[in-house]
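Reading the structure
Read off the chains here:
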Amino acid sequence: GAVASAGMDAASAAPGSSAVLVLRARSESWVQVRDASGALALQRNLAAGETVSISAPPPLAVVVGRADVTEVVVRGKVFDLAAISRENVARFEVK
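First, a word on scope: everything that follows refers to the structure included in this document. Owing to the predicted nature of the structure, the values given are computational and were not obtained by experimental measurement.

**Topic: the sheet that holds strand β1 (residues 21-25)**
Strand order in the open sheet made by the four strands is β4-β1-β6-β7, with antiparallel pairing throughout. Both outer strands of the open sheet, β4 (51-54) and β7 (77-79), are each paired with one neighbouring strand and no more. With strand direction ignored, the average angle separating the axes of adjacent strands in the sheet is 25 degrees.

**Concerning the nonpolar core**
The biggest cluster of nonpolar side chains holds 21 residues, and the ones touching the most others in it are L21, L23, L60 and V64. For this core, the elements supplying multiple residues, two or more each, are β1, β2 (29-34), β3 (40-46), β4, β5 (60-64), β6 (70-74) and β8 (90-94). Excluding residues that lie within four positions of it along the chain, V64 makes contacts with L23, S29, W30, V31, T70, V72, L81, N88, V89, A90 and F92.

**Some points on unusual backbone geometry**
Residue P58 is joined to P59 through a cis peptide bond whose omega torsion reads 0 degrees. Residue placement: P59 occurs in the loop between β4 and β5. Backbone geometry at R75 places phi at a positive 50 degrees, although glycine is not the residue there. Assignment of secondary structure puts R75 in the loop between β6 and β7. Residue N88 is not a glycine yet carries a positive backbone phi of 70 degrees. Inspection of the secondary structure puts N88 in the loop between β7 and β8.

**Some words on the pairing of β4**
A regular strand places its side chains on the two faces of the sheet in alternate fashion. Burial along β4 is one-sided: V52 and I54 are buried, and none of T51 and S53, which face the opposite way, are. Summarising the sheet, β1 and β4 pair through four bridges and their orientation is antiparallel. Bridged to L21 within β4 is I54.

**Focus on the pairing of β6**
Of all five residues in β6, five are buried, a share of seventy percent or more. Side-chain alternation along β6 places T70, V72 and V74 on one buried face and E71 and V73 on a second face that is also buried. Alignment of β1 against β6, held across five bridges, turns out to be antiparallel. The residue bridging A25 from the neighbouring strand is T70, located in β6. Linking two consecutive strands that pair antiparallel, namely β6 and β7, is a turn of two residues; a positive phi of about 50 degrees is found at R75 within it.

Parameters at a glance
- Residues numbered from 1 in each chain as written.
- Predicted model: local features only at pLDDT ≥ 70, side-chain atom pairs only at ≥ 80, totals over all residues.
- Heavy atoms only, no water.
- Pairing = 2+ DSSP bridges.
- Helix = DSSP H or I, 4+ residues; strand = E, 2+ residues; numbered from the N terminus.
- Axes fitted to C-alpha atoms, helices over the stretch in contact; angles between N-to-C directions.
- Core = buried A, V, L, I, M, F, W, Y, C linked by side-chain atoms within 4.5 Å.
- Buried < 20%, exposed > 50% of the residue type's maximum accessible area, 1.4 Å probe, protein only.
- Contact = heavy atoms within 4.5 Å.

What follows is the structure in structure tokens.
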């Protein structure tokens, strides 16, 4: 399959970043992240082009509201939401 060029610049978006999780919205989206204790680490709407980094202690429980327009990078590697999203909502855990 074809490799999307968008995936390449994702890893270089935050050089030297210690963020466990980076979320980038290509269009309006919303995200919710809970940390290891179940506390809300992040819950907000993302504007188009916005990037947020989360460095809370894993495991992180993540919900992405618009999987088709949200790019997720886990520890510098692009995470494929398409494989796990249901009705365009992706729920996953970062261990």
